[in-house]
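Listed below are the residues making up each chain.
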2 protein chains.
Amino acid sequence: MIDYKLLHALALVVECGGFERAGEALGLSQSAVSQRIKTLEVRLGQPVLARQSVPRATPAGQRLLNHYHQVRLLERDLSDTLPALAESTARVRIAINADSLATWWGSVVGAFCRESGLLMDLVIEDQDVGLRRMREGDVAACLCSSDQPIVGARCVRVGTMRYRPLASPDYMASQFPSGVTVAAFGQAPAIVFGPNDQLQHRFMADRGYTGPFPHHLCPSSEGFVRLALAGMGYGMIPESQVTSELEAGALVRVDPTYALDVPLYWHYWRHSGDALAQLTDRLQDTAIR
Amino acid sequence: MIDYKLLHALALVVECGGFERAGEALGLSQSAVSQRIKTLEVRLGQPVLARQSVPRATPAGQRLLNHYHQVRLLERDLSDTLPALAESTARVRIAINADSLATWWGSVVGAFCRESGLLMDLVIEDQDVGLRRMREGDVAACLCSSDQPIVGARCVRVGTMRYRPLASPDYMASQFPSGVTVAAFGQAPAIVFGPNDQLQHRFMADRGYTGPFPHHLCPSSEGFVRLALAGMGYGMIPESQVTSELEAGALVRVDPTYALDVPLYWHYWRHSGDALAQLTDRLQDTAIR
């Protein structure tokens, strides 16, 4: 069996940002912590930490840390029946799409985290990468728009996000003076989240245009809205993210009748403990819109 | 010399999201486009595209695309003196810290992009990774808090971001009922942007605490604010990002007198053309605060 005191030392070095601080937290000398990490690396046959000014987990180290946190999560369930074992630092690693995190996620899971003391390690990934990381055991759950279940995991629908093509009024006046025409699509700068974001392509295809178009790439939900507000381009934005900007007229609909509803699915490992099951109940109860 | 019609085909396949659409854009058949990509891969000795449902550039392909866009940027300068050569699809790849993108970036560079037609390919990286990608030629510029210049690049200071430890009022009441004590630091859940984010550690160290502490990891500026609003934790947030939340009392200062000023530096390659030089002037004129 794995020697968990080695993993615990690894987790503390990463969390505290150094060997010395981890030693203080463990009541050990810096060299004793260093020795635990070395022992772990010898057993594993590869480094678990990159020794930079602030030590960082290597991919192998990260895998170990994820396992460590999964074990802590299971220990957490155990401590519900055996309170003497209770500790409160379990952290669950979740892959999530950026727009959910920038909008409804906090308000839906906040109360649950406060009540349960659950800590989250959120990673932003598109669905392909998120589901792959789940398959590899690197994350415990994944929120994305794919309904393809992973073997050994459950998949439940938790709601829908409605996207609309939005822009600033001055952008509309300069780029779409004659309305949203196919001719304008090839010229008007758009904003696209990243190379895997197909929402803009789907909008244009639905309106009869499939050619190239100038676009900025902006992998930040909030940054995306800021570029649109600054008139740098138009793009597909979750309606719920910009209610005040729409009310104030700072953003307007590029194509008033067009909306794209993106379903959201929650993938999580069976047998990963009560905390994830309860979180899943909370997500399903809320039914995101 | 590189055969740029092959790189152009690669860029279009990625931008249009497929071989057929790239062919339409080029006035070629799908198989002619496919042949160009294969020729490129044979010359390079490795794949440039991952053939998924939506083709994606491999790391080698991405390096080529970055070079392609740098050449396009230089062509853009040339077209100022030789207008007959003008095309408007140059895109500059910039590594940027998430908080700048979520706050002031769009409003500062928006006008310049609109006037010049410059397109941006933004990638969010912390400074270590951002500067490494710049050294490797993967990005043309990097905005971060490091003032260590890269050989061959210029480094100019563009301003400062002021961070404060903030939380919701109910979080303060439940986690810091007796004020911000060292004892509370080890128990109160914090929010940290990612493993390399040291702002929270610096705040606690300045207040005399260097041990471990429970924390969520949330690599999204907007998500970070949402988790704080939901009372899930407290954390270091740019003051300028949450002026309305502070005014409305939805967020309050955890430690009223504490502020951390993070300087921002702009690194860019010399000889990378007029567009970047003009953008640099614009950034320096604005002097971010």
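Residues numbered from 1 in each chain as written. Chains lettered and ligands numbered in written order. Predicted model: local features only at pLDDT ≥ 70, side-chain atom pairs only at ≥ 80, totals over all residues. Heavy atoms only, no water.

As named in an unreviewed UniProt entry, chain A is ArgP/LysG family DNA-binding transcriptional regulator, taken from Tamilnaduibacter salinus.

> Any details on the environment of Arg51 of chain B? Residues and values, ideally.
Residue and element names in this part refer to chain B. Mapped onto the secondary structure, Arg51 falls in the loop between β1 (49–50) and β2 (56–57). The partly exposed category is assigned to Arg51, whose relative accessible area is 43%. If sequence neighbours within four positions are ignored, Arg51 has contacts with Phe19, Ile37, Lys38 and Glu41. A distance of 2.8 Å separates the side chain of Arg51 from the side chain of Glu41, its partner in a polar contact. Engagement of the side chain of Arg51 in a polar contact is seen with the backbone oxygen of Leu49, the distance being 3.2 Å. (Helix = DSSP H or I, 4+ residues; strand = E, 2+ residues; numbered from the N terminus. Buried < 20%, exposed > 50% of the residue type's maximum accessible area, 1.4 Å probe, protein only. Contact = heavy atoms within 4.5 Å. Polar contact = N/O pair within 3.5 Å; in protein donor to acceptor, adjacent residues only side chain to side chain.)

> Kindly report on the relation of the copies chain A and chain B, identifying the contributing residues and their values.
What relates the two chain copies is a rotation about an axis together with a slide along it. In the superposition of chain A on chain B (RMSD 0.1 Å, axial shift 0.0 Å), the rotation amounts to 180 degrees. Expressed as a symmetry operation, the mapping of one chain copy onto the other fits a two-fold axis. Considering only C-alpha atoms, the part of chain A nearest the rotation axis is Glu222 of chain A, at 3.0 Å. Here 100% of the interface residues in chain A have copies in chain B that are interface residues too; the copies meet face to matching face. (Least-squares fit on C-alpha atoms with pLDDT ≥ 70 in both.)

> Kindly report on the layout of surface pockets, identifying the contributing residues and their values.
Considering only enclosed or pocket space, the second largest pocket measures out at about 430 Å³ in volume. Around the second largest pocket sit 19 residues that line it, and Glu222, Arg226 and Glu245 of chain A together with Glu222 and Glu245 of chain B are the ones nearest its centre. Breaking the lining of the second largest pocket down by element, the ones donating at least two residues are α11 (221–229) and α12 (243–248) of chain A together with α11 (221–229) and α12 (243–248) of chain B. For the lining of the second largest pocket, the per-class residue count stands at 6 nonpolar, 7 polar and 6 charged. (1 Å grid on protein atoms, 1.4 Å probe; cavity = no way out; pocket = protein on both sides within 12 Å on 5 of 7 lines; lining within 4 Å. Points joined across faces, edges and corners; volume = space filled by probe spheres on them. Nonpolar A, V, L, I, M, F, W, Y, C, P; charged D, E, K, R; others polar.)

> Tell me about the interface of chain A and chain B, and name the residues and values.
Interface size is commonly expressed as the accessible surface area that is lost when the partners come together. Counting from both sides, the interface comprises 51 residues of chain A and, opposite them, 53 residues of chain B. Carbon and sulfur atoms supply 57% of the area buried between chain A and chain B, which totals about 4,500 Å² over both sides. The largest contributions to the chain A side of the interface with chain B come from Arg21, Arg56 and Leu217 of chain A, which together make up 12% of the buried area. Connecting chain A to chain B are 0 salt bridges. (Buried area = accessible area lost by both parts, 1.4 Å probe. Salt bridge = Lys/Arg side-chain N within 4 Å of Asp/Glu carboxyl O.)

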